[in-house]
Amino acid sequence: MKFRRWHLAVLALLAVFALACEGAGATPEPPGDAPTSRPPSGLPSSMAALGDSITAGFGSCLAFVACSRNSWSTGTASSVDSHYRRILEDNPRIKGNAKNFAEPGAEADALAGQATRAVEMKAQYVTILIGANDACSRDVANMTAVTTFRKEIDRGLARLRKGLPKARVLMVSVPDLYRLWQLGRGDDKAVEVWGQGGICPSMLAAPTSTASADEQRRKRVRDRIEAYNEQLRKACKAYGKRCRWDGGRAHEVRFSLDLINRIDYFHPNVEGQNELAEVVYPDRFGW
């Protein structure tokens, strides 16, 4: 059974909490100046976030549900210096024009559908972070094949290129789940949660085992994620000058458990979302 199915089952049971999380304590968007006729410095006036549970803010609002207001990409909460809020500071025209289409449990084959929604809203800036669930299968044999992964990424990018030829696309690398295991294997609570088998079992099952089979299993997942990242880089390059690769920065973040929530010890908490927003934010727009 794929990690995605397990996630969706939990989400269905806790849907009512998701609504409470999104509504309660939401922080109004920061005010902007009166709109100008042209966004300064080429900043976009609309944006869309595509991807999986990381971008959906899953587990970042003290509940085991999506919490998009805390998203590194389109988050509106004052506690997260998201790309949306950064752009809003200098371009008030983007206010209210940011949509988060990321879905918990999404794999690469969901990207095309999300891209279609970005096209429909005419997004000028699109962020993509996807691939962790393709590696987080019940076992290594069920991980998405690299060729299949690339095919699905290209299919999603083709939708964007055709429907939004002038939009800018930020392609973000898949975080380093092997490092997550290295950090958490010595934490009693993380070991307890991961040992239940529901969180990325291909990497995190039997977290304290030093058996050769388990070590080889983790390395295979690590290698698959690195292969995914290489394909993301190549796909972005093939897309053209309007796609920007993050240079592997998300994957290379030397994060600690302080950036991970204490519910599943897998998804970024608010601090982790902030860190992600910072390391992949473009140093300039207009590429």
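Higher on the page you've got the structure.
First, a word on scope: everything that follows refers to the structure included in this document. (Residues numbered from 1 in each chain as written. Predicted model: local features only at pLDDT ≥ 70, side-chain atom pairs only at ≥ 80, totals over all residues. Heavy atoms only, no water.)

With that settled, the discussion passes to the overall build of the protein chain. For the protein chain, the count of helices and strands is twelve helices and five strands. Counting the 287 residues in the protein chain, one finds 55% classified as buried. The long-range share in the protein chain, meaning contacts at least 24 apart out of those at least 6 apart in sequence, stands at 76%. A total of about 12,400 Å² of accessible surface is found on the protein chain, and carbon and sulfur atoms cover 51% of it. (Helix = DSSP H or I, 4+ residues; strand = E, 2+ residues; numbered from the N terminus. Buried < 20%, exposed > 50% of the residue type's maximum accessible area, 1.4 Å probe, protein only. Contact = heavy atoms within 4.5 Å. Areas by Shrake-Rupley, 256 points an atom, 1.4 Å probe, with all protein chains shown as cover.)

On to the state of the cysteines, then. Summed over all chains, the structure comprises two disulfides. Across the disulfide, Cys-136 is cross-linked to Cys-200 (sulfur-sulfur distance 2.0 Å). Here the disulfide of Cys-136 and Cys-200 is left-handed, its torsion about the S-S bond being about -85 degrees. In this pair, Cys-136 sits in the loop between helix H5 (132-135) and helix H6 (146-163) while Cys-200 sits in the loop between helix H8 (188-194) and helix H9 (201-204), placing the two residues 64 residues apart along the sequence. Here Cys-136 falls in the buried class, since its relative accessible area comes to 0%. (Disulfide = S-S within 2.5 Å.)

Burial along strand S4 (residues 168-171) is two-sided: Arg-168 and Leu-170 facing one way and Val-169 and Met-171 facing the other are all buried. Alignment of strand S3 (residues 125-129) against S4, held across four bridges, turns out to be parallel. Bridge pairing links Tyr-125 to Arg-168 in S4. Of the pairings in the sheet, the one linking S4 to strand S5 (residues 243-245) comprises three bridges and is parallel in character. Counterpart to Leu-170 in the pairing with S5 is Arg-244. (Pairing = 2+ DSSP bridges.)

On to helix H4 (residues 111-120). Those residues of H4 that fall on the buried side of the exposure criterion are Leu-111, Ala-112, Gln-114, Ala-115 and Ala-118. Taken around the axis of H4, the buried residues stretch over an arc of 160 degrees, which confines them to a single face. Residues of H4 that are buried make contact with strand S1 (47-51), S3 and H6. Note on H4: the residue one or two positions beyond its end, Lys-122, has a positive phi of about 60 degrees. (Arc of directions from axis to C-beta.)

Below, the discussion takes up the nonpolar core. Counting 75 residues, the largest nonpolar core has Ile-128, Ile-153 and Leu-160 as its most contacted members. Looking at which element gives the most residues to this core, the answer is helix H10 (residues 212-239), with seven residues. Not counting chain neighbours up to four residues away, the residues in contact with Leu-160 comprise Leu-50, Ala-115, Ala-118, Val-119, Val-126, Ile-128, Pro-165, Val-169 and Tyr-239. (Core = buried A, V, L, I, M, F, W, Y, C linked by side-chain atoms within 4.5 Å.)

Tallied over the entire structure, the rule returns four aromatic pairs. On the numbers, 5.2 Å between centres and 85 degrees between planes, the contact of Tyr-125 with Phe-285 is edge-to-face. One end of the pair, Tyr-125, is in strand S3; the other, Phe-285, is in the segment after helix H12 (270-280), and 160 residues separate them in sequence. Each member of the pair Tyr-125 and Phe-285 is classed as buried. Here the aromatic rings of Phe-149 and Tyr-228 are separated by 4.1 Å at their centres, their planes lie at 20 degrees, and the arrangement is stacked. Pair noted here: Phe-149 is in helix H6 and Tyr-228 is in helix H10, with a separation of 79 residues, a long-range link. Like Phe-149, the residue Tyr-228 is buried in the burial classification. Put simply, the rings of Tyr-125, Tyr-281 and Phe-285 pair up and form one aromatic cluster. Directly above the aromatic system of Tyr-281 lies the positively charged group of Arg-86, at a separation of 5.0 Å from the ring centroid. Residue placement shows Arg-185 over the ring face of Trp-181; its charged tip is 4.5 Å from the ring centre. (Phe/Tyr/Trp six-rings, centres within 6.5 Å; stacked < 30°, edge-to-face > 60°. Lys NZ or Arg CZ within 6 Å of the ring centre and 35° of its normal.)

Time to look at the sheet that holds strand S2 (residues 98-100). Ordered by their spatial adjacency, five strands build an open sheet running S2-S1-S3-S4-S5, and the pairing between neighbours is parallel. Only two strands of the sheet have a single partner each, and these edge strands are S2 and S5. Each adjacent strand pair in this sheet contributes to an overall mean axis angle of 15 degrees, direction not counted. Sitting on the sheet, H6 is in contact with S1, S3 and S4, with an inclination near 160 degrees to S4. (Axes fitted to C-alpha atoms, helices over the stretch in contact; angles between N-to-C directions.)

S1 sits mainly inside the fold: five of its five residues count as buried. What you see with S1 is no split at all: Met-47, Ala-49 and Gly-51 on one side and Ala-48 and Leu-50 on the other are buried throughout. Judged from the three bridges that link them, S1 and S2 form a sheet pairing that is parallel. In the strand pairing of S2, Ala-49 is matched with Asn-100. The β-α-β motif built from S1, the intervening helix H3 (residues 83-90) and the parallel element S2 has right-handed crossover chirality. The pairing of S1 with S3 spans five bridges and is parallel. Along S3, the bridge assignment pairs Ala-48 with Val-126. (Right-handed = clockwise from strand over helix to strand, strands pointing away.)

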